[in-house]
Amino acid sequence: MRLRFLAALAACALVAGCGTLFEPTAATVNGHKITVERVDAAGEKFAASDRFTELAKEGEGDVLRRQFEQSFLTQLISHDIITAEAEAADIEVTDDEVQEQIDVIKQQFENEEAFQQALADQALEESQLPDLVKDQVLEMKLREQVVENIAVSPAEVRSFYDENIGDYQQSRVSHILVKEKDRALADRLAARLQSTPTGQRKALFATLAKQHSTDPTTGPKGGDLGLAPSSKYVPTFAAAIDALEV
């Protein structure tokens, strides 16, 4: 079992609110409030870490901090949900089980220094590790209990896969985003690309994306959208992806 530092768990419920005037609330789970102050404190600690400094070199420090705080909040929400569900199901995790998993995690690193550096990179302290690991073990036990009496035949698995095959396929695509009023520009770019020899088309596409794309995230990267299922995109774009040959 590998440690997923601040990973978002599969299921969580979030009810955002303002809380009281003097204690703003980031989320409320089963009546328990998670304060904005707690999330901000974690974000400040992350912003002071070497890992943040390294990642923020590209000038996206604010975005990185928001992403970290969102992940941290998700972790807190998941903790409250998992703890409540485990108590209702009478599931417990012993200190020995937690320590066993921590030992497994440490074995993945060359030495203690590398392990401590990994913690520092995630703005974590070793004292926080037992709680994180306990949540993961609880989640694992909950999952095992849920599926314990569930039987699924190979035929049912295959049928579900065939019916939802789009969720199990990913495509790596690029785009050049232009404003709706610039349709003429889009047509010119498309014509230029179509008339370019196949072997040169990828490089030209990246160049044109950097020059013309209005997408501030993918434009500088040559329009690359990365790997994702086509269902992630708007229907027209998804249909175009699905029609492409591999």
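Residues numbered from 1 in each chain as written. Predicted model: local features only at pLDDT ≥ 70, side-chain atom pairs only at ≥ 80, totals over all residues. Heavy atoms only, no water.

Caption draft 1: Representation of the overall build of the chain in the model. A count of helices and strands for the chain gives 10 helices and four strands. Reading the helices (α) and strands (β) of the chain from amino to carboxyl end gives β-β-α-α-α-α-α-α-α-β-α-α-β-α. In the chain, buried positions account for 30% of the 246 residues. A sequence separation of at least 24 residues applies to 64% of the contacts in the chain between residues at least 6 apart. Carbon and sulfur atoms form 51% of the exposed surface of the chain, whose accessible area is close to 16,900 Å². (Helix = DSSP H or I, 4+ residues; strand = E, 2+ residues; numbered from the N terminus. Buried < 20%, exposed > 50% of the residue type's maximum accessible area, 1.4 Å probe, protein only. Contact = heavy atoms within 4.5 Å. Areas by Shrake-Rupley, 256 points an atom, 1.4 Å probe, with all protein chains shown as cover.)

Caption draft 2: A look at the pattern of salt bridges. Per the counting criterion, the structure on display carries eight salt bridges. Ionic pairing is found between Lys45 and Glu125, a salt bridge with its closest N-O pair at 2.9 Å. In this pair, Lys45 sits in helix H1 (residues 36-47) while Glu125 sits in the loop between helix H5 (112-121) and helix H6 (129-147), placing the two residues 80 residues apart along the sequence. Look at Lys45 and you get partly exposed, because its relative accessible area is 35%. Residue Glu125 is classed as partly exposed on the basis of its relative accessible area of 42%. Residues Asp224 and Arg172 are paired through a salt bridge, measuring 2.5 Å at the closest nitrogen-oxygen approach. Placement of the pair is Asp224 in strand S4 (residues 224-228) and Arg172 in strand S3 (residues 171-174), with a sequence separation of 52 residues. Taking the relative accessible area as the measure of exposure, Arg172 reaches 62% and is therefore exposed. (Salt bridge = Lys/Arg side-chain N within 4 Å of Asp/Glu carboxyl O.)

Caption draft 3: Molecular detail of the packing of helix H8 (residues 183-194) against helix H9 (residues 198-212). Contact pair H8 / H9: the axes reach a minimum separation of 10 Å and the direction vectors enclose 160°. Classed by the angle they form, the pair H8 and H9 counts as roughly antiparallel. Crossing angle aside, the handedness with which H8 passes H9 is right-handed. Where H8 approaches H9, its residues Leu185, Leu189, Arg192, Leu193 and Gln194 are matched on the opposing element by Arg201, Leu204, Phe205, Leu208 and His212. When grouped by side-chain class, the residues that make up the contact of H8 with H9 number six nonpolar, two polar and two charged. (Axes fitted to C-alpha atoms, helices over the stretch in contact; angles between N-to-C directions. Parallel < 35°, antiparallel > 145°, perpendicular 65-115°, else oblique. Left-handed = near helix turned anticlockwise from the far one by under 90°. Nonpolar A, V, L, I, M, F, W, Y, C, P; charged D, E, K, R; others polar.)

Caption draft 4: Structural view of the side chain of Ser213. You can see Ser213 is positioned in the loop between H9 and S4. You can call Ser213 buried: its relative accessible area is 14%. Within polar-contact distance, the side chain of Ser213 engages the backbone nitrogen of Leu177 at 3.2 Å. Of the polar contacts made by the side chain of Ser213, one reaches the backbone nitrogen of Asp215; its length is 3.2 Å. Residue contacts for Ser213: discarding those within four places in its chain leaves His175, Ile176, Leu177, Leu208 and Gly219. (Polar contact = N/O pair within 3.5 Å; in protein donor to acceptor, adjacent residues only side chain to side chain.)

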